[in-house]
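Remarks on the overall topology
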Amino acid sequence: MDVVETIHDLRQRRRIQGLNQVVGVVPTMGDLHAGHLRLVDHCREQCTFTIATLFVNPLQFGPKEDFANYPRALAKDKAELEQRDVNVLFAPSIEEMYPDGQSAHTTVTVPHLSEQLCGASRPGHFNGVTTVVTKLLQITQPDFAYFGEKDWQQLTIIRQMVRQLNMPVEVVGVPTCRESDGLAMSSRNRYLTREEREIAPHLFQTLRDIATHLHEGSTAYADLEESATNQLRETGFRPDYVAIRDPDTLEPPTASNQSLRVFGAARLGRARLIDNIGVAR
Ligand code: PAF
């Protein structure tokens, strides 16, 4: 595996491959867990040339968020990617990605979708994501790009951006990897104390209970959201939202919705956990 830190070197490495390769990219912020490695495995199955990117993107963190403390584990990440026969790891510096400074940088915004759910409590977060993902796609020029369904809103926003800006890449969503007790894998799970780690799977269980009610035909959306929020609070979380939405528009459902998505975000100690689950009716 080649490790490259500059856009120039990445482009050169990419060019040497010529036109006969099917190129896939797996964008990450590092501290890789089984969820990331599943993205890599999907990419390796579908593509002949796999690029992983590792960049903790300051643009997507709010001023009071965990950018400085976000877990970094470059040596371990390199070894995991090497073992999985990734062809190139692109690990640029902040200066390489934002040479004119962050506030002077052109940004990419997907309106409306970016302002709801997590966007409401993390203003500007998704603009940071869409800006860096646009840059990474421009730099790596892949045929396929892989993102986890755990960040369903992010995936939906990136799909919309790629479609509206006619980017020549297929976005592939990969199902969430879970611990044996149902907790969605996330680098931020590291922030949980032992006691909090025991409480954490309740987020998924709560969303799953809502999904069961919806599957059985309930349309009492507001009641389901409210009682789930109360339940989370009673269990020790500080809930941000529990919301039943259309999976594509992220709007509240209408009578014609055949499929729904249940979203939840809640703080537990230092961690902000998110999860979601699909429901077919
Ligand atoms: O999901 C992530 O890890 C990040 O938001 C991404 C897509 C790598 C952009 O920084």
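Data block above holds the structure.
Keep in mind that this is a model prediction, so the values were computed, not measured.

Thoughts on the layout of surface pockets
- What the second largest pocket holds in volume is close to 220 Å³.
- The wall of the second largest pocket is formed by 13 residues, among which Leu54, Phe55, Leu74, Ala91 and Pro92 lie closest to the centre.
- Its residues assigned to classes, the lining of the second largest pocket comprises 10 nonpolar, no polar and 3 charged.

Considering the site of the ligand
- In the region of the ligand, the neighbouring residues are Pro27, Thr28, Met29, Gln60, Val132, Phe147 and Gln154.
- Contact distances for the ligand include 2.6 Å between an oxygen atom and a side-chain N or O atom of Gln60.
- In this structure, an oxygen atom belonging to the ligand sits 2.8 Å away from a side-chain N or O atom of Gln154.
- Here the ligand loses 88% of its free accessible area of 290 Å² to cover by the protein chains.
- Of the residues that constitute the shell around the ligand, the class distribution is 4 nonpolar, 3 polar and no charged.

Focus on the sheet that holds strand E1 (residues 2–4)
- Reading across the sheet, the 6 strands line up as E1-E4-E3-E2-E5-E6 and stay open at both edges, with parallel pairing between neighbours. Since the sheet does not close on itself, it has two edges, and those belong to E1 and strand E6 (170–174), each with one partner. If you compare each strand with its neighbour and ignore which way they point, the axes differ by 25° on average.
- Where strand E2 (residues 23–28) lies against strand E5 (residues 144–148), 2 bridges are found, and the strand directions are parallel. Across the sheet, the residue bridging to Val25 is Ala145, located in E5.

A few points about the environment of Arg122
- Counting through the fold element by element, Arg122 comes out in the loop between helix H5 (118–121) and helix H6 (125–140).
- Setting aside residues up to four positions removed in sequence, Arg122 forms contacts with Gln60, Glu65, Arg188 and Arg272.

Reading the values: rules and limits
- Each chain carries its own residue numbering, running from 1 in the direction its sequence is written.
- Only residues with pLDDT of at least 70 get local features here, since the model is predicted, and only at 80 or more are side-chain atom pairs given and counted; chain-wide, interface and lining totals rely on the full set of residues.
- Processing note: side-chain calculations cover all non-hydrogen atoms of the structure and skip hydrogens and water entirely.
- Using only the protein atoms, space was sampled on a 1 Å grid; points where a 1.4 Å probe fits but cannot get out form cavities, open sets with protein on both sides within 12 Å along at least five of seven lines form pockets, and lining residues are those with an atom within 4 Å of a point.
- Grid points are joined across faces, edges and corners, and a volume is the space filled by probe spheres set on the points.
- Residues were grouped as follows: Ala, Val, Leu, Ile, Met, Phe, Trp, Tyr, Cys and Pro as nonpolar; Asp, Glu, Lys and Arg as charged; and all remaining residues, including Gly, as polar.
- Whether a residue is near a molecule or strand depends on its heavy atoms: if one lies within 4 Å, it is near.
- Pairing of N or O atoms within 3.5 Å defines a polar contact, subject to two protein rules: one partner must be a possible hydrogen donor and the other a possible acceptor, and residues neighboring in sequence count only if both atoms are side-chain atoms.
- Note that accessible areas follow from Shrake-Rupley with a 1.4 Å probe, and for residues the cover is restricted to the protein chains shown.
- Here the rule is simple: two strands pair whenever DSSP picks up at least two bridges between them.
- What counts as a helix is a DSSP run of H or I of at least four residues, what counts as a strand is a run of E of at least two, and both are numbered from the N terminus.
- Axis lines are fitted through C-alpha atoms, for helices just across the contact stretch, and the angle between N-to-C directions can take any value from 0 to 180 degrees.
- Residue contacts are counted whenever heavy atoms from the two residues lie within 4.5 Å of one another.

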